[in-house]
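Survey of secondary and tertiary structure
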Amino acid sequence: MEGFIENGLLIVGLGFMGGSLSKELKKKGFNKTIYGLDINPTAIEIGQNLGVIDKGFTEYEKVPWDEIDFVVLASPVGTFETIAKLLKGFVNGKTTVSDLGSTKRLVYKMEKIIGSNFVGAHPIAGTEKSGVIYSVDNLFEGKKVIITPTVDTDKYHLQRVENLWKFIGAKIEYMSPELHDFIFGVVSHLPHAVAFALVDTLRELSDKKVNLFEYPGAGFKDFTRIAASDPTMWRDIFFNNKDNLLKSLQVFKKSLEKLEELIREEKKEELKEYLGEISLLRRSLD
Ligand code: NAD
């Protein structure tokens with residue numbers, strides 16, 4: 001099952017996600033050329049040397065645009081607008097342009113610049129590691145991919161994006177960009193913000209007498225793994241979903257206050273009941 005790319009695919013931003021997309025397509029038998037474009041020459045060099053992509057570029061002018069009919073943006077979301085403006089000079093309405101970005105209301109801006117051939121998508125798979133060197137060939141199969149069409153999205157391009165993810169074996173779900181940003185503001189952006197803040201708390205409480213970073217066990221490490229994520233990527237996500245993230249941080253602060261009160265007031269039974277409810281909810285996730 002192909003029918004989504006006739007000529008070649010270009011991945012703009014050859015990092016962990018873009019590299020993983022290319023590797024998984026190749027593993028599944030995708031037989032068209034995969035090109036990479038990145039502002040970092042090292043990413044292109046590594047991508048080519050490891051065979052992640054067939055050919056890479058650092059300049060738009062050098063890309064063989066005639067051989068490309070599908071473009072996927074896989075750079076930090078803060079770069080999308082600039083990239084869209086650059087792409088506009090090279091791609092026409094026949095080229096499908098999609099992305100892997102973690103925030104989706106940007107889709108409206110992208111549509112304005114690129115046209116109705118832009119289709120927003122967000123694969124719900126990843127890691128705290130960044131860079132093409134860490135890319136893997138089994139990231140997306142069986143995972144959710146949220147596609148966020150708008151009233152203007154062209155049906156033909158939407159179908160091509162759906163076909164790409166079906167080819168990989170991902171589970172497609174459709175939702176509006178607004179609903180996407182609300183949901184992932186709570187289930188992804190909030191925990192990342194909290195993990196960063198938790199590591200900062202250890203820094204704040206460490207002093208000359210005790211360096212708290214010498215003591216964390218599995219619990220702290222599990223909880224804060226995602227705080228080792230790329231700062232540019234997360235700055236961009238936080239800014240692009242500012243309203244939803246700030247609202248969920250307010251609710252999180254209220255939950256902390258509730259916990260604080262139960263501990264301060266030594267409400268033993270209530271605290272046990274509260275922890276029991278939460279523990280059950282968390283276990284239902286596995
Ligand atoms: P990464 O840091 O591994 O890779 C990003 C790449 O983009 C780098 O190679 C960088 O040099 C390149 N880049 C930066 N600015 C550029 C520009 N202007 N033009 C071209 N290339 C540029 O990041 P990643 O983890 O692969 O994330 C990429 C995208 O995927 C982000 O939009 C992110 O929101 C989204 N995403 C990430 C995850 C995850 O877990 N890592 C999950 C889902 C979605």
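Attention here is on the structure that accompanies the text. Remember, it's a predicted structure, so these values are computed and weren't measured experimentally. (Residues numbered from 1 in each chain as written. Predicted model: local features only at pLDDT ≥ 70, side-chain atom pairs only at ≥ 80, totals over all residues. Heavy atoms only, no water.)

1. Topic: the side chain of Thr153
Within the secondary structure, Thr153 sits in the loop between strand E8 (144–147) and helix H5 (155–168). What makes Thr153 buried here is its relative accessible area of 5%. Polar contacts involving the side chain of Thr153 include one to the side chain of Glu111, which spans 3.4 Å. The contacts of Thr153, once residues within four sequence positions are left out, are Glu111, Ser116, Phe118, Val119 and Leu158. (Helix = DSSP H or I, 4+ residues; strand = E, 2+ residues; numbered from the N terminus. Buried < 20%, exposed > 50% of the residue type's maximum accessible area, 1.4 Å probe, protein only. Polar contact = N/O pair within 3.5 Å; in protein donor to acceptor, adjacent residues only side chain to side chain. Contact = heavy atoms within 4.5 Å.)

2. Quick look at a negative patch on the surface
A cluster of acidic residues, Glu269, Glu270, Glu273 and Glu277, forms a negative patch on the protein surface. Structurally, Glu277 is set in helix H10 (residues 268–283). (Patch = residues over 30% accessible without salt bridge, like charges linked within 9 Å, V, L, I, M, F, W, Y side chains within 5 Å. Areas by Shrake-Rupley, 256 points an atom, 1.4 Å probe, with all protein chains shown as cover. Salt bridge = Lys/Arg side-chain N within 4 Å of Asp/Glu carboxyl O. Lys, Arg positive; Asp, Glu negative; His and termini not counted. Charge placed at Lys NZ, Arg CZ, Asp CG, Glu CD.)

3. A word on the sheet that holds strand E4 (residues 70–73)
The strand order E3-E2-E1-E4-E5-E6 describes an open sheet built from six strands, whose pairing is parallel. For this open sheet the edge positions go to strand E3 (55–57) and strand E6 (118–119), each flanked by a neighbour on one side alone. On the sheet, helix H3 (residues 80–88) packs against strand E1 (8–12), E4 and strand E5 (96–99) and is oriented at approximately 160° with respect to E4. This element, H5, spans E4, E5 and E6 of the sheet and lies at about 55° to E5. (Pairing = 2+ DSSP bridges. Axes fitted to C-alpha atoms, helices over the stretch in contact; angles between N-to-C directions.)

4. Examining the packing of aromatic side chains
Under the criterion given, the structure shown has ten aromatic pairs. Each ring, one from Phe30 and one from Phe167, has its centre 6.3 Å from the other, and the planes form 70°; the classification is edge-to-face. Of this pair, Phe30 sits in the loop between helix H1 (16–27) and strand E2 (33–37) while Phe167 sits in helix H5; the two residues are 137 residues apart in sequence, bridging distant segments of the chain. For Lys129, the ring lying beneath its charged end belongs to Tyr134, and the centroid distance is 5.9 Å. (Phe/Tyr/Trp six-rings, centres within 6.5 Å; stacked < 30°, edge-to-face > 60°. Lys NZ or Arg CZ within 6 Å of the ring centre and 35° of its normal.)

5. Re the site of the ligand
Neighbouring residues of the ligand: 27 residues in total, closest Met17, Asp38, Ser75, Ser102 and Gly131. In the environment of the ligand, an oxygen atom lies 2.7 Å from a nitrogen or oxygen atom belonging to the backbone of Met17. Here Thr127 contributes a backbone N or O atom positioned 3.1 Å from an oxygen atom of the ligand. In isolation the ligand offers 830 Å² of accessible surface; the protein chains occlude 88% of this area. Secondary structure elements with two or more residues in the shell around the ligand: H1, strand E7 (121–123) and helix H8 (231–240). Partitioning the shell around the ligand into residue classes produces 14 nonpolar, twelve polar and one charged. (Near = heavy atom within 4 Å. Nonpolar A, V, L, I, M, F, W, Y, C, P; charged D, E, K, R; others polar.)

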